[in-house]
Amino acid sequence: KDIMKMRLKISQNYVKLVSDSGSMGLVSGVASPLRINAEVSGVGPNFKIKFQVENLTQSPMLNLGVTYDYDFSVFKMRKLCHSIPCLIPKIGYPFEIELMNIDPNGTCLLYTSPSPRDS
């Protein structure tokens, strides 16, 4: 039941992000756009988030770093950052992270970044 609530909350936040930004999963960096898709897999308290990152430019990207922002009192991660050695244009790069809910009550708090309209 808790995992279903978490998946619903993630879906709602994704829809809000897409409707607020109109980006359909695009993350714009300083130099280049990326497309990032994420899927939650598993039943709590341990679960995975599977990512697919795609370079939307015409040239390769090298040595990218991925960091995560989450509530350390609710979740524990084995790896706090991830390195992507090379992103070839138009080819997805899959990776996953493992999360564990460490809250004694099984709380499912998700971080959501403020929309551009809130600033």
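Residues numbered from 1 in each chain as written. Predicted model: local features only at pLDDT ≥ 70, side-chain atom pairs only at ≥ 80, totals over all residues. Heavy atoms only, no water.

Overview of the overall build of the chain
Short version of the rule: Each helix is a run of DSSP H or I of at least 4 residues and each strand a run of E of at least 2, with the numbering of both proceeding from the N terminus. For the exposure calls, accessible area comes from a 1.4 Å probe over protein chains only, and a residue counts as buried if that area is under 20% of its type's maximum, exposed if over 50%, partly exposed in between. The contact criterion used throughout is that any non-hydrogen atoms of two residues lie within 4.5 Å. With residues, only the protein chains shown are counted as cover, and all accessible areas are computed by Shrake-Rupley using a 1.4 Å probe.
Helix and strand counts for the chain stand at one helix and seven strands. Walking the chain from its N terminus toward its C terminus, one meets helices and strands in the order α-β-β-β-β-β-β-β. By residue count, 28% of the 119 residues in the chain fall in the buried class. Contacts in the chain between residues far apart in sequence, at least 24 positions, make up 55% of those at least 6 positions apart. For the chain, the computed accessible surface area is about 8,200 Å², with 59% contributed by carbon and sulfur atoms.

Concerning the nonpolar core
The cut-off we apply is this: To qualify as a nonpolar core, a set must consist of buried Ala, Val, Leu, Ile, Met, Phe, Trp, Tyr and Cys residues joined through side-chain atoms within 4.5 Å.
Ranked by internal contacts, the top residues of the largest apolar core, which has 19 residues, are F47, I49 and Y68. Contacts of Y68, omitting those with residues within four sequence positions, involve F51, M77, K79, L80, C81, H82, F95 and I97.

Structural notes on the confidence of the model for the chain
For the record, the criterion: For every residue, the pLDDT score states the predictor's confidence, bounded by 0 at the bottom and 100 at the top.
Taken as a whole, the chain shows an average pLDDT of 74; of its residues, 69% reach a score of 70 or greater. The low-confidence segment residues 21-30, where pLDDT is below 50, has 18 contacts with residues more than four positions distant or belonging to other chains. Predicted confidence for residues 111-119 stays below pLDDT 50, and this span has six contacts to residues more than four positions away or in other chains.

Examining the packing of aromatic side chains
The condition that has to hold: Pairing of aromatic rings covers Phe, Tyr and Trp, the last through its six-membered ring, and needs centres within 6.5 Å; plane angles under 30 degrees mean stacked, over 60 mean edge-to-face, and all others mean tilted.
Inspection of the entire model under this criterion finds three aromatic pairs. Judged by centre distance (6.2 Å) and plane angle (45 degrees), the ring pair of Y93 and F95 falls under tilted. For F95, a relative accessible area of 8% translates into the label buried. Ring-pair connections join several aromatic residues into one group, and the members of that group are F51, Y93 and F95.

Remarks on the pattern of salt bridges
So the rule is basically this: What makes a salt bridge here is a side-chain nitrogen of Lys or Arg within 4 Å of a carboxyl oxygen of Asp or Glu, nothing more.
Taken as a whole, this structure holds three salt bridges when the rule is applied. One salt bridge in this structure joins E54 and R35, with 3.6 Å as the shortest N-O distance. One end of the pair, E54, is in strand β3 (residues 46-55); the other, R35, is in strand β2 (residues 33-41), with 19 residues separating them in the sequence. Its relative accessible area of 30% is what places R35 among the partly exposed residues. In this structure, E98 engages R78 in a salt bridge whose closest nitrogen and oxygen atoms are separated by 3.3 Å. Note that E98 is positioned in strand β7 (residues 92-101) and R78 in the loop between β5 (75-77) and β6 (81-87), a separation of 20 residues in sequence. The class for R78 is exposed, based on a relative accessible area of 73%.

Remarks on the pairing of β2
Let me state the cut-off plainly: Strand pairing follows a simple DSSP-based rule, namely that at least 2 bridges must link the two strands.
Direction of pairing for β2 relative to β3: antiparallel, over a ladder of eight bridges. Residue S41 lies in a different strand from β3, and its bridge partner there is K48. Remark: four residues form the turn of the hairpin made by β2 and β3, two consecutive strands paired antiparallel; G42 in that turn has positive phi of roughly 120 degrees.

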